[in-house]
Amino acid sequence: GGAALTHEGVSFNGDGYVEMDNWRWGLSVSIEVLVYYSSFSPLASTVFSFNDESSKEGLFLCDHNSDGVPRIYCYVDRSTASAPKAIQNKHTYFDLDAWNHIVITISEQEKTINIYKNGLLAGTNKKGHAPNDCTRDFHILGAHRMASSEIAGFLHGKLAYFRMWQDHVLSAEDVKNV
């Protein structure tokens, strides 16, 4: 069970995850993943989640409700009525049994969150906000840590790589070239 390293990256069978060391990040950022979904779980299939102990502040990329719709949740204080800020684009789905190249850009200056799929802009939230510049308690690939300390939202598939650019917002042209 769990997560296993293979020649294709990390393989997730629906009950494992990878917990990474904590690091300080926030404000403007770009994140790139290459993810392969084998199936969607009933509640959420999480590619990554970075959040604090209380789960009130964080950033998540997942399919939610097993519909294949990519969603980004970015919130600074989940207890407020304005949070979480999500991008949900029903016209661009995560493909099953195929590699999905996903790039997320968050601009603190422009208050914009973008999601790109396979080099093309798939969704924008112009009312977004940037994550706080802080060290989060949890950086997890393949699942999400709930406020109750429960691990949930397991990924069924593979993650070839994960990259992050701190204090750098990739342009549309940059996204085509990564």
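Attention in this report is confined to the structure presented alongside it.

What counts, and at which threshold
Residues numbered from 1 in each chain as written. Predicted model: local features only at pLDDT ≥ 70, side-chain atom pairs only at ≥ 80, totals over all residues. Heavy atoms only, no water. Salt bridge = Lys/Arg side-chain N within 4 Å of Asp/Glu carboxyl O. Helix = DSSP H or I, 4+ residues; strand = E, 2+ residues; numbered from the N terminus. Buried < 20%, exposed > 50% of the residue type's maximum accessible area, 1.4 Å probe, protein only. Pairing = 2+ DSSP bridges. Axes fitted to C-alpha atoms, helices over the stretch in contact; angles between N-to-C directions.

## So, the pattern of salt bridges
Opposite charge on two side chains permits pairing when their charged atoms draw close.
Consideration 1: Counted according to the given criterion, the structure contains 4 salt bridges.
Consideration 2: Notably, a salt bridge pairs arginine 24 with aspartate 133, separated by 3.5 Å at the nearest N-O pair. One end of the pair, arginine 24, is in strand 4 (residues 24–25); the other, aspartate 133, is in the loop between strand 12 (120–125) and strand 13 (134–135), and 109 residues separate them in sequence.
Consideration 3: Arginine 24 sits in the exposed class, given a relative accessible area of 52%.
Consideration 4: For aspartate 133, a relative accessible area of 35% puts it in the partly exposed group.
Consideration 5: One salt bridge connects lysine 117 with aspartate 95, and the closest N-O pair in it is separated by 3.0 Å. Placement of the pair is lysine 117 in strand 11 (residues 112–117) and aspartate 95 in the loop between strand 9 (85–88) and strand 10 (99–107), with a sequence separation of 22 residues.

## Observations concerning unusual backbone geometry
Consideration 1: A positive phi angle, close to 55°, is found at lysine 111, a residue other than glycine.
Consideration 2: In this model, aspartate 167 sits at a positive phi of 60°, which is unusual for a non-glycine residue.
Consideration 3: Here aspartate 167 shows up in the loop between strand 17 (156–166) and helix 1 (172–177).
Consideration 4: Owing to a relative accessible area of 56%, aspartate 167 belongs among the exposed residues under this scheme.

## Here's the deal with the environment of asparagine 132
Consideration 1: The residue asparagine 132 is located in the loop between strand 12 and strand 13 in this model.
Consideration 2: Overall, asparagine 132 belongs to the partly exposed group, its relative accessible area being 32%.
Consideration 3: When the C-alpha positions of asparagine 132 and tryptophan 25 are compared, they lie 7.8 Å apart, and in sequence the two are 107 residues distant.

## Quick look at the sheet that holds strand 12
Consideration 1: On the basis of which strands lie adjacent, the open sheet formed by 7 strands has the order 1-2-17-5-10-11-12 and antiparallel pairing. The outermost strands of the open sheet, each flanked by one partner alone, are strand 1 (3–6) and strand 12. Neighbour-to-neighbour, the strand axes of this sheet turn through a mean angle of 25°, independent of strand direction.
Consideration 2: Judged from the 8 bridges that link them, strand 5 (residues 29–39) and strand 10 form a sheet pairing that is antiparallel. Paired with valine 29 across the two strands is isoleucine 106, which belongs to strand 10.

Such coordinate-based values are descriptive only and should not be taken to indicate function.
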